[in-house]
Amino acid sequence: PKDATILDAAIVFTSRGASTGDATFTIKGINQANVAQFSNTANDITSRPTTATQVQWDAIDWTPATAFETSDITPIVQSIVNRDDWSSGNTMGFVIEGNCGYSACSPRVAESADGDVSKAPRIKINYQTILETPFKTNRDTLIEIVKGLPSSDLTPILGTLVEAAKYWRGERIA
């Protein structure tokens, strides 16, 4: 939600095979209120404005088909949800750049939505908001509905319950 306090945030990747060796990355948010879907257009990702807030991620070695989280990206997500034009339900985007040059850095290869959607990267965000949303169980909701029904001395609730019990026991219903 807009202006929520972000307690914890990370991007979760599923490895696509083993990836080992030194790998250091910089993660930035895309500084837009509602990020458009990425395309195959040249420079589509790098041409987008990024947040001033960034986070370093020193990736550990990846083993095949295992979920791995980035460093905590709370400051990036917080800067996005605090935008004046951002609202709950909007999309977020992130740019992850290698910090060690192409030859000295060991890449990490992750699954994508184009491959196996269930293994696609996802964002995990824990937040706190000042909005109070009371939690109601189904039982509480049903009690509230029953209490709201019109009542009189002629309400056949007891008779209905007896008839229902007979039905479930397989007895004859009058």
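The structure reproduced in this document is the subject of the present report.

Here we look at the sheet that holds strand E3 (residues 50–58)
Within a sheet, neighbouring strands are paired by backbone hydrogen bonds and run either parallel or antiparallel to one another. Spatially, E3-E2-E5 is the arrangement adopted by the 3 strands of the open sheet, whose pairing is antiparallel. Here the strands that pair on one side only, and so sit at the sheet edges, are E3 and strand E5 (94–98). For this sheet, the mean inter-axis angle between neighbouring strands, taken without regard to orientation, is 25 degrees. Direction of pairing for strand E2 (residues 24–30) relative to E3: antiparallel, over a ladder of 6 bridges. The residue bridging Ile27 from the neighbouring strand is Val55, located in E3. Strands in contact with helix H1 (residues 74–81) are E2, E3 and E5; relative to E3, the strand with the most contacts, it is inclined by about 160 degrees.

Things to note about the packing of aromatic side chains
For the structure shown, the criterion picks out 6 aromatic pairs. With a centroid separation of 5.8 Å and 5 degrees between ring planes, the pair formed by Phe13 and Trp57 is classed as stacked. Taken as a pair, Phe13 in strand E1 (residues 5–14) and Trp57 in strand E3 lie far apart in primary sequence, 44 residues in all. The residues Phe13 and Trp57 share a single accessibility class, namely buried. Taking the centre distance of 5.5 Å and the plane angle of 80 degrees together, the rings of Tyr167 and Trp168 count as edge-to-face. Taking relative accessible area as the criterion, Tyr167 reaches 55% and is therefore assigned exposed. One aromatic cluster is present, formed by Phe13, Phe25, Trp57, Trp62 and Phe68 through successive ring pairs.

Thresholds, definitions, all that
Residues numbered from 1 in each chain as written. Predicted model: local features only at pLDDT ≥ 70, side-chain atom pairs only at ≥ 80, totals over all residues. Heavy atoms only, no water. Pairing = 2+ DSSP bridges. Helix = DSSP H or I, 4+ residues; strand = E, 2+ residues; numbered from the N terminus. Axes fitted to C-alpha atoms, helices over the stretch in contact; angles between N-to-C directions. Contact = heavy atoms within 4.5 Å. Phe/Tyr/Trp six-rings, centres within 6.5 Å; stacked < 30°, edge-to-face > 60°. Buried < 20%, exposed > 50% of the residue type's maximum accessible area, 1.4 Å probe, protein only.

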